[in-house]
Amino acid sequence: MADLSTVFTGLKFENPFLLSSAPPTESDANIMRAFEAGWAGVVTKTIGLHPVVNVKGPKTKFLRAENSAYNMSMNKRQNSTLVASWNWELISDKPIDWWIGRLSKVKKAYPKKMLVASIMAGSGNDKELNNWQTLTKACQDEGVDALELNFSCPHMDRVDMGSNVGKNKVLCSVVTQAVKEVAKIPVWVKLTPATADIAEEAAASFRGGADAISSSNTFPSLPLIDPNTLDFEMSVDGLVSSGGLGGPAILPLSLHKMSQMTRAFADKEFSGIGGIATFDHALCYFLLGCGTVQVCTAAMLDQAIGPNVIKALIAGMNEFMERRSFSHLEDFRGLRRDRVVSHSQIKRPEQFDYRGGYESEEQEGYARPQPVLAKS
Ligand SMILES: Cc1cc2nc3c(=O)[nH]c(=O)nc-3n(C[C@H](O)[C@H](O)[C@H](O)COP(=O)(O)O)c2cc1C
(Lines give C-alpha, C1' and ligand atoms only; values in the text may rest on other atoms or scores of the structure.)
Protein backbone atom coordinates (compact mmCIF):
# COMPACT_ATOMS: atom_id res chain seq x y z
CA MET A 1 0.00 0.00 0.00
CA ALA A 2 1.25 3.50 -0.83
CA ASP A 3 1.69 6.11 1.90
CA LEU A 4 -1.24 8.49 1.45
CA SER A 5 -0.39 10.64 4.47
CA THR A 6 0.55 14.25 4.00
CA VAL A 7 1.48 17.31 6.03
CA PHE A 8 -0.61 20.40 5.30
CA THR A 9 -0.09 23.69 7.20
CA GLY A 10 1.99 21.69 9.67
CA LEU A 11 -0.79 19.20 10.40
CA LYS A 12 -0.48 15.50 9.65
CA PHE A 13 -3.37 14.09 7.60
CA GLU A 14 -3.65 10.31 7.15
CA ASN A 15 -4.83 11.01 3.60
CA PRO A 16 -5.41 14.30 1.74
CA PHE A 17 -9.24 13.96 1.66
CA LEU A 18 -11.55 16.15 3.76
CA LEU A 19 -15.24 16.84 3.89
CA SER A 20 -15.83 20.54 3.21
CA SER A 21 -17.90 22.90 5.31
CA ALA A 22 -21.52 21.97 4.45
CA PRO A 23 -24.39 19.65 5.53
CA PRO A 24 -22.09 16.57 5.79
CA THR A 25 -20.31 18.30 8.69
CA GLU A 26 -23.26 20.08 10.33
CA SER A 27 -23.26 17.96 13.51
CA ASP A 28 -20.93 16.01 15.79
CA ALA A 29 -22.80 12.81 14.85
CA ASN A 30 -22.15 13.37 11.13
CA ILE A 31 -18.50 14.26 11.72
CA MET A 32 -17.87 11.12 13.75
CA ARG A 33 -19.54 8.97 11.07
CA ALA A 34 -17.29 10.66 8.51
CA PHE A 35 -14.15 9.87 10.49
CA GLU A 36 -15.25 6.24 10.86
CA ALA A 37 -15.78 6.09 7.09
CA GLY A 38 -12.17 7.12 6.42
CA TRP A 39 -12.09 10.89 5.87
CA ALA A 40 -8.81 12.23 7.27
CA GLY A 41 -10.34 15.54 8.24
CA VAL A 42 -13.46 17.66 8.14
CA VAL A 43 -14.20 21.35 7.99
CA THR A 44 -17.25 22.01 10.16
CA LYS A 45 -20.35 23.69 8.78
CA THR A 46 -19.61 27.42 9.20
CA ILE A 47 -20.13 28.58 12.79
CA GLY A 48 -21.23 32.14 13.59
CA LEU A 49 -22.32 34.11 16.64
CA HIS A 50 -25.72 35.18 15.44
CA PRO A 51 -28.83 32.98 15.17
CA VAL A 52 -29.59 31.96 11.58
CA VAL A 53 -32.97 31.21 10.02
CA ASN A 54 -32.99 29.46 6.66
CA VAL A 55 -35.62 29.91 3.93
CA LYS A 56 -38.86 27.93 3.98
CA GLY A 57 -38.65 24.60 2.14
CA PRO A 58 -35.65 22.79 0.62
CA LYS A 59 -32.23 24.39 1.04
CA THR A 60 -30.46 22.27 -1.60
CA LYS A 61 -31.53 20.53 -4.81
CA PHE A 62 -29.68 18.66 -7.51
CA LEU A 63 -29.77 19.52 -11.21
CA ARG A 64 -29.69 16.48 -13.51
CA ALA A 65 -29.52 16.13 -17.32
CA GLU A 66 -31.41 13.44 -19.25
CA ASN A 67 -28.89 10.95 -20.56
CA SER A 68 -30.23 11.03 -24.12
CA ALA A 69 -31.10 14.72 -24.45
CA TYR A 70 -30.25 18.21 -23.31
CA ASN A 71 -33.18 18.47 -20.86
CA MET A 72 -32.00 19.58 -17.44
CA SER A 73 -34.17 19.66 -14.36
CA MET A 74 -34.12 19.42 -10.58
CA ASN A 75 -36.93 16.85 -10.77
CA LYS A 76 -35.33 13.58 -9.74
CA ARG A 77 -35.82 11.02 -12.53
CA GLN A 78 -34.47 7.81 -14.08
CA ASN A 79 -31.78 7.85 -16.75
CA SER A 80 -30.34 11.19 -15.78
CA THR A 81 -26.88 12.33 -14.74
CA LEU A 82 -25.91 14.79 -12.04
CA VAL A 83 -24.85 18.19 -13.38
CA ALA A 84 -24.72 20.30 -10.23
CA SER A 85 -26.03 21.01 -6.77
CA TRP A 86 -27.77 24.31 -6.14
CA ASN A 87 -28.25 25.66 -2.62
CA TRP A 88 -29.23 28.77 -0.72
CA GLU A 89 -28.45 27.39 2.71
CA LEU A 90 -26.99 29.81 5.23
CA ILE A 91 -24.28 29.03 7.78
CA SER A 92 -24.93 26.67 10.71
CA ASP A 93 -28.31 27.31 12.30
CA LYS A 94 -26.80 26.06 15.56
CA PRO A 95 -25.24 28.79 17.70
CA ILE A 96 -21.62 28.65 18.91
CA ASP A 97 -22.88 27.48 22.34
CA TRP A 98 -24.23 24.35 20.68
CA TRP A 99 -20.83 23.60 19.16
CA ILE A 100 -18.89 24.20 22.38
CA GLY A 101 -18.44 20.87 24.12
CA ARG A 102 -19.25 18.97 20.93
CA LEU A 103 -16.06 20.02 19.10
CA SER A 104 -13.90 18.97 22.05
CA LYS A 105 -15.82 15.69 22.36
CA VAL A 106 -15.16 14.89 18.68
CA LYS A 107 -11.49 15.79 18.95
CA LYS A 108 -11.02 13.68 22.07
CA ALA A 109 -12.72 10.70 20.44
CA TYR A 110 -10.66 11.02 17.22
CA PRO A 111 -7.34 12.64 18.20
CA LYS A 112 -5.60 11.61 14.95
CA LYS A 113 -8.28 13.02 12.67
CA MET A 114 -8.07 16.69 11.71
CA LEU A 115 -10.93 18.90 12.87
CA VAL A 116 -11.08 22.30 11.18
CA ALA A 117 -13.62 24.86 12.39
CA SER A 118 -15.15 27.09 9.73
CA ILE A 119 -16.11 30.47 11.19
CA MET A 120 -17.80 33.65 9.99
CA ALA A 121 -18.64 37.09 11.38
CA GLY A 122 -19.14 40.56 9.95
CA SER A 123 -16.30 42.93 9.20
CA GLY A 124 -17.80 46.41 9.10
CA ASN A 125 -16.42 47.67 12.43
CA ASP A 126 -14.20 46.80 15.38
CA LYS A 127 -17.04 45.03 17.21
CA GLU A 128 -17.43 42.68 14.24
CA LEU A 129 -13.69 42.08 14.05
CA ASN A 130 -13.82 41.21 17.76
CA ASN A 131 -16.50 38.65 16.89
CA TRP A 132 -13.99 36.88 14.61
CA GLN A 133 -11.58 36.81 17.53
CA THR A 134 -14.27 35.50 19.91
CA LEU A 135 -15.06 32.67 17.50
CA THR A 136 -11.36 31.94 17.02
CA LYS A 137 -10.69 31.67 20.74
CA ALA A 138 -13.84 29.64 21.41
CA CYS A 139 -12.97 27.06 18.73
CA GLN A 140 -9.29 26.78 19.53
CA ASP A 141 -10.10 26.34 23.23
CA GLU A 142 -12.12 23.32 22.11
CA GLY A 143 -8.95 21.81 20.64
CA VAL A 144 -9.70 22.12 16.92
CA ASP A 145 -6.63 21.72 14.71
CA ALA A 146 -7.15 24.68 12.37
CA LEU A 147 -9.61 27.39 11.39
CA GLU A 148 -11.12 28.13 7.99
CA LEU A 149 -12.39 31.69 7.54
CA ASN A 150 -15.52 31.79 5.40
CA PHE A 151 -15.00 34.72 2.97
CA SER A 152 -17.06 32.94 0.37
CA CYS A 153 -20.73 32.23 1.17
CA PRO A 154 -22.45 33.52 -2.00
CA HIS A 155 -25.83 34.37 -0.51
CA MET A 156 -25.30 36.94 2.21
CA ASP A 157 -27.18 40.24 2.01
CA ARG A 158 -24.80 41.98 4.41
CA VAL A 159 -22.05 43.83 2.57
CA ASP A 160 -19.49 42.95 5.25
CA MET A 161 -20.06 39.18 5.32
CA GLY A 162 -19.43 36.01 3.31
CA SER A 163 -18.36 36.44 -0.31
CA ASN A 164 -18.58 40.21 0.11
CA VAL A 165 -15.48 39.91 2.30
CA GLY A 166 -13.80 37.72 -0.32
CA LYS A 167 -14.53 40.35 -2.99
CA ASN A 168 -12.82 43.07 -0.99
CA LYS A 169 -9.02 42.83 -0.81
CA VAL A 170 -8.77 45.20 2.17
CA LEU A 171 -11.29 43.17 4.17
CA CYS A 172 -9.48 39.93 3.24
CA SER A 173 -6.30 41.30 4.83
CA VAL A 174 -7.93 43.02 7.80
CA VAL A 175 -10.08 40.06 8.90
CA THR A 176 -7.27 37.53 8.43
CA GLN A 177 -4.94 39.74 10.46
CA ALA A 178 -7.52 40.11 13.26
CA VAL A 179 -7.87 36.34 13.48
CA LYS A 180 -4.11 35.77 13.32
CA GLU A 181 -3.64 38.13 16.28
CA VAL A 182 -5.30 35.58 18.57
CA ALA A 183 -4.94 32.29 16.67
CA LYS A 184 -2.42 29.73 17.89
CA ILE A 185 -3.41 27.24 15.20
CA PRO A 186 -3.17 27.38 11.37
CA VAL A 187 -5.62 29.73 9.64
CA TRP A 188 -7.03 28.77 6.23
CA VAL A 189 -9.01 31.30 4.19
CA LYS A 190 -11.84 30.09 1.95
CA LEU A 191 -12.17 32.56 -0.91
CA THR A 192 -15.09 33.20 -3.23
CA PRO A 193 -14.60 32.26 -6.89
CA ALA A 194 -16.76 35.26 -7.88
CA THR A 195 -13.96 37.73 -8.62
CA ALA A 196 -11.94 38.52 -11.74
CA ASP A 197 -8.55 37.32 -10.52
CA ILE A 198 -8.69 35.30 -7.30
CA ALA A 199 -4.89 35.52 -7.02
CA GLU A 200 -5.37 39.14 -5.89
CA GLU A 201 -7.61 38.18 -2.96
CA ALA A 202 -5.22 35.31 -2.18
CA ALA A 203 -2.35 37.81 -2.07
CA ALA A 204 -4.34 40.04 0.30
CA SER A 205 -5.15 37.08 2.56
CA PHE A 206 -1.50 35.97 2.63
CA ARG A 207 -0.54 39.55 3.52
CA GLY A 208 -2.92 39.24 6.48
CA GLY A 209 -1.08 36.08 7.54
CA ALA A 210 -3.18 33.25 6.04
CA ASP A 211 -1.48 29.85 6.22
CA ALA A 212 -3.46 28.40 3.32
CA ILE A 213 -6.24 29.20 0.86
CA SER A 214 -9.23 26.94 0.17
CA SER A 215 -11.26 27.29 -3.02
CA SER A 216 -13.87 27.07 -4.44
CA ASN A 217 -17.04 27.73 -2.58
CA THR A 218 -20.15 27.49 -4.77
CA PHE A 219 -20.54 29.83 -7.76
CA PRO A 220 -23.34 32.47 -7.70
CA SER A 221 -26.19 31.16 -9.84
CA LEU A 222 -29.96 30.79 -10.31
CA PRO A 223 -32.13 27.68 -10.65
CA LEU A 224 -33.64 27.07 -14.13
CA ILE A 225 -37.18 28.18 -14.98
CA ASP A 226 -39.67 25.37 -15.61
CA PRO A 227 -41.00 25.92 -19.19
CA ASN A 228 -44.47 24.64 -18.24
CA THR A 229 -45.16 26.48 -15.00
CA LEU A 230 -42.81 29.42 -15.72
CA ASP A 231 -41.68 29.14 -12.09
CA PHE A 232 -38.10 28.79 -10.96
CA GLU A 233 -37.43 25.16 -10.10
CA MET A 234 -36.64 26.29 -6.58
CA SER A 235 -38.47 29.24 -5.07
CA VAL A 236 -40.58 30.34 -2.11
CA ASP A 237 -43.89 32.01 -3.02
CA GLY A 238 -42.51 32.37 -6.57
CA LEU A 239 -39.43 34.28 -5.45
CA VAL A 240 -35.82 33.22 -5.74
CA SER A 241 -32.49 34.81 -4.91
CA SER A 242 -28.95 34.12 -6.00
CA GLY A 243 -27.65 30.81 -4.64
CA GLY A 244 -24.59 28.62 -5.07
CA LEU A 245 -23.73 26.06 -7.76
CA GLY A 246 -21.57 23.08 -6.77
CA GLY A 247 -20.82 19.58 -8.07
CA PRO A 248 -19.59 18.35 -11.50
CA ALA A 249 -20.43 21.59 -13.37
CA ILE A 250 -17.93 23.60 -11.35
CA LEU A 251 -14.94 21.26 -11.58
CA PRO A 252 -13.31 22.97 -14.61
CA LEU A 253 -14.25 26.43 -13.27
CA SER A 254 -12.71 25.72 -9.88
CA LEU A 255 -9.58 24.26 -11.46
CA HIS A 256 -9.13 27.53 -13.33
CA LYS A 257 -9.46 29.55 -10.12
CA MET A 258 -7.02 27.24 -8.34
CA SER A 259 -4.53 27.47 -11.19
CA GLN A 260 -4.60 31.29 -11.03
CA MET A 261 -3.49 31.04 -7.39
CA THR A 262 -1.02 28.15 -7.49
CA ARG A 263 0.85 29.74 -10.40
CA ALA A 264 1.05 33.06 -8.57
CA PHE A 265 2.11 31.47 -5.25
CA ALA A 266 3.94 28.24 -6.02
CA ASP A 267 5.41 28.11 -2.50
CA LYS A 268 2.10 28.53 -0.64
CA GLU A 269 -0.44 25.92 0.48
CA PHE A 270 -3.85 25.33 -1.13
CA SER A 271 -6.86 23.11 -0.46
CA GLY A 272 -8.84 22.33 -3.63
CA ILE A 273 -12.65 22.18 -3.63
CA GLY A 274 -15.25 21.93 -6.37
CA GLY A 275 -16.80 19.02 -8.26
CA ILE A 276 -14.68 16.27 -6.75
CA ALA A 277 -16.28 12.81 -6.76
CA THR A 278 -13.41 10.51 -7.82
CA PHE A 279 -9.64 10.36 -7.43
CA ASP A 280 -9.20 11.51 -11.05
CA HIS A 281 -10.91 14.77 -10.11
CA ALA A 282 -8.82 15.17 -6.96
CA LEU A 283 -5.69 14.43 -8.99
CA CYS A 284 -6.33 17.50 -11.17
CA TYR A 285 -6.11 19.68 -8.04
CA PHE A 286 -2.98 17.87 -6.78
CA LEU A 287 -1.26 18.26 -10.15
CA LEU A 288 -1.98 22.00 -10.02
CA GLY A 289 -0.30 22.18 -6.60
CA CYS A 290 -2.95 21.53 -3.92
CA GLY A 291 -1.90 19.70 -0.76
CA THR A 292 -5.41 18.61 0.30
CA VAL A 293 -8.86 18.50 -1.31
CA GLN A 294 -12.37 18.83 0.07
CA VAL A 295 -15.69 17.29 -1.03
CA CYS A 296 -19.32 18.34 -0.54
CA THR A 297 -21.91 17.53 -3.26
CA ALA A 298 -20.71 13.98 -3.99
CA ALA A 299 -20.72 13.19 -0.26
CA MET A 300 -24.22 14.63 0.23
CA LEU A 301 -25.52 12.22 -2.41
CA ASP A 302 -23.74 9.24 -0.83
CA GLN A 303 -25.51 8.63 2.49
CA ALA A 304 -24.97 12.28 3.53
CA ILE A 305 -21.30 11.86 4.48
CA GLY A 306 -19.83 9.94 1.53
CA PRO A 307 -18.67 6.52 2.80
CA ASN A 308 -18.36 5.17 -0.75
CA VAL A 309 -16.80 8.38 -2.06
CA ILE A 310 -13.95 8.28 0.48
CA LYS A 311 -13.44 4.55 -0.11
CA ALA A 312 -13.07 5.20 -3.85
CA LEU A 313 -10.78 8.22 -3.31
CA ILE A 314 -8.43 6.15 -1.14
CA ALA A 315 -8.51 3.15 -3.50
CA GLY A 316 -7.95 5.43 -6.51
CA MET A 317 -4.97 7.15 -4.90
CA ASN A 318 -3.41 3.84 -3.86
CA GLU A 319 -3.83 2.42 -7.36
CA PHE A 320 -2.45 5.58 -9.01
CA MET A 321 0.62 5.77 -6.77
CA GLU A 322 1.45 2.10 -7.13
CA ARG A 323 1.03 2.20 -10.93
CA ARG A 324 3.31 5.25 -11.19
CA SER A 325 5.69 4.20 -8.39
CA PHE A 326 5.11 7.38 -6.41
CA SER A 327 5.86 7.18 -2.67
CA HIS A 328 4.20 10.38 -1.47
CA LEU A 329 1.80 13.06 -2.64
CA GLU A 330 4.80 15.39 -2.78
CA ASP A 331 6.17 13.27 -5.68
CA PHE A 332 3.38 14.49 -7.98
CA ARG A 333 1.98 17.63 -6.31
CA GLY A 334 2.27 20.56 -8.72
CA LEU A 335 3.57 18.49 -11.66
CA ARG A 336 1.24 20.24 -14.12
CA ARG A 337 1.14 23.69 -12.49
CA ASP A 338 3.47 25.26 -15.05
CA ARG A 339 1.68 23.76 -18.04
CA VAL A 340 -0.95 26.49 -17.72
CA VAL A 341 0.38 29.47 -19.70
CA SER A 342 -0.96 32.58 -21.40
CA HIS A 343 -2.86 31.98 -24.64
CA SER A 344 -0.20 33.66 -26.77
CA GLN A 345 2.32 31.04 -25.59
CA ILE A 346 0.32 28.22 -27.21
CA LYS A 347 1.83 27.12 -30.53
CA ARG A 348 0.08 28.23 -33.76
CA PRO A 349 -0.09 26.06 -36.90
CA GLU A 350 2.37 26.76 -39.68
CA GLN A 351 1.17 29.30 -42.28
CA PHE A 352 0.21 26.68 -44.88
CA ASP A 353 -2.14 24.97 -42.40
CA TYR A 354 -4.45 27.98 -42.21
CA ARG A 355 -7.84 27.25 -43.79
CA GLY A 356 -9.72 30.51 -43.47
CA GLY A 357 -11.54 29.52 -40.27
CA TYR A 358 -12.50 26.02 -41.44
CA GLU A 359 -10.81 23.03 -39.87
CA SER A 360 -8.76 20.66 -42.05
CA GLU A 361 -10.58 17.66 -40.61
CA GLU A 362 -14.07 17.45 -39.19
CA GLN A 363 -13.99 18.63 -35.58
CA GLU A 364 -16.86 18.45 -33.14
CA GLY A 365 -18.61 21.83 -32.93
CA TYR A 366 -16.99 23.35 -36.06
CA ALA A 367 -18.10 23.78 -39.69
CA ARG A 368 -17.33 21.01 -42.18
CA PRO A 369 -14.12 21.37 -44.14
CA GLN A 370 -14.64 23.43 -47.34
CA PRO A 371 -12.73 22.84 -50.54
CA VAL A 372 -10.09 25.55 -50.89
CA LEU A 373 -11.22 27.69 -53.85
CA ALA A 374 -8.67 28.40 -56.53
CA LYS A 375 -7.99 32.10 -57.04
CA SER A 376 -9.62 33.36 -60.28
C1 LIG B 1 -25.96 22.84 0.95
C2 LIG B 1 -24.59 23.43 0.99
C3 LIG B 1 -24.20 24.16 2.12
C4 LIG B 1 -22.94 24.72 2.18
N5 LIG B 1 -22.57 25.42 3.31
C6 LIG B 1 -21.31 25.95 3.40
C7 LIG B 1 -20.89 26.59 4.59
O8 LIG B 1 -21.61 26.69 5.58
N9 LIG B 1 -19.63 27.11 4.60
C10 LIG B 1 -18.78 26.99 3.55
O11 LIG B 1 -17.63 27.47 3.62
N12 LIG B 1 -19.17 26.37 2.42
C13 LIG B 1 -20.40 25.84 2.32
N14 LIG B 1 -20.78 25.16 1.19
C15 LIG B 1 -19.83 25.05 0.05
C16 LIG B 1 -19.10 23.70 0.03
O17 LIG B 1 -18.30 23.55 1.20
C18 LIG B 1 -18.19 23.58 -1.21
O19 LIG B 1 -17.24 24.62 -1.18
C20 LIG B 1 -18.96 23.66 -2.51
O21 LIG B 1 -20.19 22.94 -2.44
C22 LIG B 1 -18.15 23.12 -3.69
O23 LIG B 1 -17.80 21.76 -3.50
P24 LIG B 1 -18.60 20.55 -4.24
O25 LIG B 1 -18.52 20.82 -5.71
O26 LIG B 1 -17.88 19.30 -3.81
O27 LIG B 1 -20.01 20.60 -3.76
C28 LIG B 1 -22.04 24.57 1.10
C29 LIG B 1 -22.43 23.82 -0.02
C30 LIG B 1 -23.69 23.25 -0.09
C31 LIG B 1 -24.08 22.45 -1.31
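**Regarding the confidence of the model for the chain**
Then, in step 1: Residues at a pLDDT of 70 or more form 96% of the chain, whose mean pLDDT is 95.
Then, in step 2: Taken element by element, the chain is modelled with least confidence in helix 5 (residues 163-166), mean pLDDT 94, and with most confidence in strand 3 (residues 17-19), mean pLDDT 99.

**As for the nonpolar core**
Then, in step 1: Leu19, Trp39, Val42, Val116, Ile119, Leu147 and Val175 are the most contacted members of the largest nonpolar core, which has 81 residues in total.
Then, in step 2: When residues no more than four places from it in sequence are discounted, the contact partners of Trp39 are Phe17, Leu18, Leu19, Ala34 and Ile310.
Then, in step 3: By size, the runner-up hydrophobic cluster in this structure holds nine residues, among which are Leu63, Trp86, Met234 and Leu245.

**Considerations on unusual backbone geometry**
Of all residues except glycine, most have a negative phi; of all peptide bonds, most are trans.
Then, in step 1: Here the bond from Ser215 into Ser216 is cis, since omega is 20 degrees, no more than 30 degrees from zero.
Then, in step 2: Structurally, the position occupied by Ser216 is in the loop between strand 11 (212-215) and strand 12 (219-221).
Then, in step 3: The backbone phi angle of Leu230 is positive, close to 60 degrees, even though this residue is not glycine.
Then, in step 4: Along the chain, Leu230 falls in the loop between strand 12 and strand 13 (243-246).
Then, in step 5: Taking the C-beta count within 10 Å as the criterion, Leu230 has 8 such neighbours and is therefore assigned exposed.
Then, in step 6: At Ser325, a position not held by glycine, the phi torsion is positive, near 55 degrees.
Then, in step 7: When you line up the elements, Ser325 lands in the segment after helix 11 (307-324).
Then, in step 8: On the basis of neighbour counts, which here come to 8 C-beta atoms within 10 Å, the residue Ser325 falls in the exposed class.

**Comments concerning the site of the ligand**
Then, in step 1: In the region of the ligand, 30 residues are neighbours, and Ser20, Asn87, Gly246, Cys296 and Thr297 sit closest.
Then, in step 2: Only strand 7 (80-87) and helix 10 (297-300) provide two or more residues apiece to the shell around the ligand.

**With respect to the packing of helix 7 (residues 198-207) against helix 8 (residues 251-264)**
Then, in step 1: Contact geometry of helix 7 with helix 8 gives a least axis separation of 8 Å together with a crossing angle of 50 degrees. Relative to helix 8, helix 7 is oriented oblique. Crossing geometry of helix 7 relative to helix 8 is assigned as right-handed. In this structure, helix 7 uses Ile198, Ala199 and Ala202 to contact helix 8, whose residues at the interface are Lys257, Gln260, Met261 and Ala264.
Then, in step 2: Class assignment of the residues belonging to the contact of helix 7 with helix 8 gives a composition of five nonpolar, one polar and one charged.

**Some remarks on the pairing of strand 9 (residues 146-151)**
Then, in step 1: Of all six residues in strand 9, six are buried; the element is thus mostly enclosed.
Then, in step 2: Bridge count between strand 8 (residues 114-119) and strand 9: four bridges; the pairing is parallel. Directly across from Ser118, in strand 9, lies its bridge partner Glu148.
Then, in step 3: Of the crossover connections in this fold, the one passing from strand 8 over helix 4 (residues 126-141) to the parallel strand 9 is right-handed.
Then, in step 4: Strand direction decides the pairing type here: strand 9 and strand 10 (residues 187-191), joined by five bridges, are parallel. Paired with Leu149 across the two strands is Val189, which belongs to strand 10.

**So, helix 9 (residues 279-288)**
Then, in step 1: All of the buried residues along helix 9 are His281, Ala282, Cys284, Tyr285, Phe286 and Leu288.
Then, in step 2: Looking at the packing, one finds that the buried side of helix 9 touches helix 8, strand 14 (270-273), strand 15 (292-295) and helix 11.
Then, in step 3: With its phi angle positive at about 125 degrees, Gly289 sits one or two positions after the end of helix 9.

**Structural notes on the sheet that holds strand 10**
Then, in step 1: Spatially, the eight strands close up into a barrel ordered 3-4-8-9-10-11-14-15, and their pairing is parallel. Neighbour-to-neighbour, the strand axes of the sheet open up by a mean angle of 25 degrees, direction not taken into account.
Then, in step 2: Against the sheet, helix 7 contacts strand 10 and strand 11, and its axis sits at roughly 155 degrees relative to strand 10.

**Details of the pairing of strand 15**
Then, in step 1: Along strand 15, one buried face is formed by Thr292 and Gln294 and the opposite face, lined by Val293 and Val295, is buried too.
Then, in step 2: What joins strand 14 to strand 15 is helix 9, and the crossover it makes is right-handed.

**Here's the deal with the sheet that holds strand 12**
As a general point, the strands of a sheet are linked pairwise by backbone hydrogen bonds and lie either parallel or antiparallel.
Then, in step 1: Reading across the sheet, the five strands line up as 6-5-7-13-12 and stay open at both edges, with antiparallel pairing between neighbours. A single partner strand is all that each edge strand has here, and the edge strands are strand 6 (72-73) and strand 12.
Then, in step 2: Across three bridges, strand 7 lies against strand 13 in antiparallel orientation. In the sheet register, Asn87 faces strand 13, and the bridge partner there is Gly244.

The rules we used
Residues numbered from 1 in each chain as written. Predicted model: local features only at pLDDT ≥ 70, side-chain atom pairs only at ≥ 80, totals over all residues. pLDDT = per-residue confidence, 0-100. Helix = DSSP H or I, 4+ residues; strand = E, 2+ residues; numbered from the N terminus. Core = buried A, V, L, I, M, F, W, Y, C linked by C-beta atoms within 7 Å. Buried ≥ 20, exposed ≤ 12 C-beta atoms within 10 Å, placed from the backbone. Contact = placed C-beta atoms within 7 Å. Near = placed C-beta within 6 Å. Axes fitted to C-alpha atoms, helices over the stretch in contact; angles between N-to-C directions. Parallel < 35°, antiparallel > 145°, perpendicular 65-115°, else oblique. Left-handed = near helix turned anticlockwise from the far one by under 90°. Nonpolar A, V, L, I, M, F, W, Y, C, P; charged D, E, K, R; others polar. Pairing = 2+ DSSP bridges. Right-handed = clockwise from strand over helix to strand, strands pointing away.

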